[in-house]
Amino acid sequence: MLSAPTTNPADVHQPLRRDVKKLGALLGEIIRERDGETVFARVEMLRRAAKQLRAEPDPSHRAAFADAVRELEPRHRRQVIRAFAVYFQLVNLAEQVHRIRRKREYDTLDGPAQRLSLDGTLADLRHRGATLPMLRDALDQLSVNLVLTAHPTEAVRRTILAAHFRIAELLLRIDEPTLSPGERYRFEQT
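Residues numbered from 1 in each chain as written. Predicted model: local features only at pLDDT ≥ 70, side-chain atom pairs only at ≥ 80, totals over all residues. Heavy atoms only, no water.

Undergrad: Quick one: what's the story with the packing of aromatic side chains, residue by residue and with numbers?
TA: As enumerated under the stated definition, the model contains 2 aromatic pairs in all. Ring geometry for Phe 84 versus Phe 88: centroids 6.2 Å apart, planes at 35°, classification tilted. Taken together, the residues span about one helical turn, with Phe 84 and Phe 88 both in helix H5 (residues 74–107) at a distance of 4 residues. Residue Phe 84 is classed as buried on the basis of its relative accessible area, which comes to 19%. Under the relative-accessibility criterion, Phe 88 is labelled partly exposed at 46%. Ring centres of Tyr 87 and Phe 88 lie 5.6 Å apart, and the angle between their planes is 65°; on these two criteria the pair is classed as edge-to-face. Note on Tyr 87: relative accessible area 25%, which makes it partly exposed. (Phe/Tyr/Trp six-rings, centres within 6.5 Å; stacked < 30°, edge-to-face > 60°. Helix = DSSP H or I, 4+ residues; strand = E, 2+ residues; numbered from the N terminus. Buried < 20%, exposed > 50% of the residue type's maximum accessible area, 1.4 Å probe, protein only.)

Undergrad: Talk me through the nonpolar core; I want residue IDs and the actual numbers.
TA: Among the nonpolar cores identified, the biggest contains 22 residues, and Ile 31, Val 43, Leu 46 and Val 80 are the most heavily contacted of them. Going through the elements one at a time, helix H2 (14–35), helix H3 (37–55), H5 and helix H8 (158–173) are the ones with two or more residues in this core. Of the residues forming this core, the biggest block, 8 residues, is contributed by H5. The residues touching Val 80, leaving out its near neighbours within four places in the chain, are Val 39, Arg 42, Val 43, Leu 46 and Leu 72. (Core = buried A, V, L, I, M, F, W, Y, C linked by side-chain atoms within 4.5 Å. Contact = heavy atoms within 4.5 Å.)

Undergrad: I'd love a proper account of a nonpolar patch on the surface, names of residues and values included.
TA: A cluster of nonpolar side chains, Leu 139, Leu 142 and Val 144, forms an exposed patch at the surface whose accessible area comes to about 340 Å². Assignment of secondary structure puts Leu 142 in the loop between helix H7 (132–140) and H8. Take Leu 142: its relative accessible area is 53%, and that puts it in the exposed class. (Patch = residues over 30% accessible without salt bridge, like charges linked within 9 Å, V, L, I, M, F, W, Y side chains within 5 Å. Areas by Shrake-Rupley, 256 points an atom, 1.4 Å probe, with all protein chains shown as cover. Salt bridge = Lys/Arg side-chain N within 4 Å of Asp/Glu carboxyl O.)

Undergrad: Quick rundown of the packing of H5 against H8? Include the residues and the values.
TA: Across the interface, H5 lies against H8 with an axial gap of 10 Å and an inter-helix angle of 45°. Between H5 and H8, the interaxial angle falls into the category oblique. Helix-helix and strand crossings are classified by hand; for H5 and H8 the assignment is right-handed. Taken together, the residues of H8 that come into contact with H5 (itself represented by Gln 89, Leu 90, Leu 93, Ala 94, Val 97, Ile 100, Arg 101 and Arg 104) are Ile 160, His 164, Ile 167, Ala 168, Leu 171 and Leu 172. Here the contact of H5 with H8 is composed, by residue class, of 10 nonpolar, 2 polar and 2 charged. (Axes fitted to C-alpha atoms, helices over the stretch in contact; angles between N-to-C directions. Parallel < 35°, antiparallel > 145°, perpendicular 65-115°, else oblique. Left-handed = near helix turned anticlockwise from the far one by under 90°. Nonpolar A, V, L, I, M, F, W, Y, C, P; charged D, E, K, R; others polar.)

Undergrad: I'd like a rundown of the pattern of salt bridges, residues and numbers included.
TA: Counting across every chain of the model gives 17 salt bridges. Here Asp 19 ties to Arg 18 by a salt bridge, and the two come within 3.0 Å at their closest N and O atoms. Among the salt bridges present, the one from Glu 37 reaches Arg 32, with a minimum N-O distance of 3.1 Å. Look at Glu 37 and you get partly exposed, because its relative accessible area is 46%. Taken together, the shared-partner salt bridges in this structure form one network comprising Arg 18, Asp 19, Arg 101 and Asp 175.

Keep in mind these values describe shape, not function.
Written as structure tokens, this is what we have:
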């Protein structure tokens, strides 16, 4: 049986950091091959500037980031924008896979329900003294409305969706405990 998930966030999110790092490195290789070293250098420069701005959100870093964006040569803008768009898609995919991992981890345990899950919320309400009549009253006052939206940035071609699905499968497979060290190494080289 698995032990309870660690409460140390650094340990809990290590697979996510590993996946983001791996996907970012692969994307970097593709950018180099497809768009060249100059575009890769621009993307990296902007990535570092954005990372510094996020870590230290002071006006000088904001100005440096804005200058770096302004100085981007017009002929490279489309490639840099595409690189960041793909990077953010890959990060979102890695986060979705990480949520699957964490859910599976919780589902295999006999311990407490996952925090903020429906089961965890109900357990928390029970612990705080909520009764079934109280919950019924609260639910009777609840209003849920279906909202359908279509956003152009969410339209994804079928080939891209298929690629995302394959990447997600690979990210989930790398954590299989039955892989031997040799299989894991070969798998990581895929």
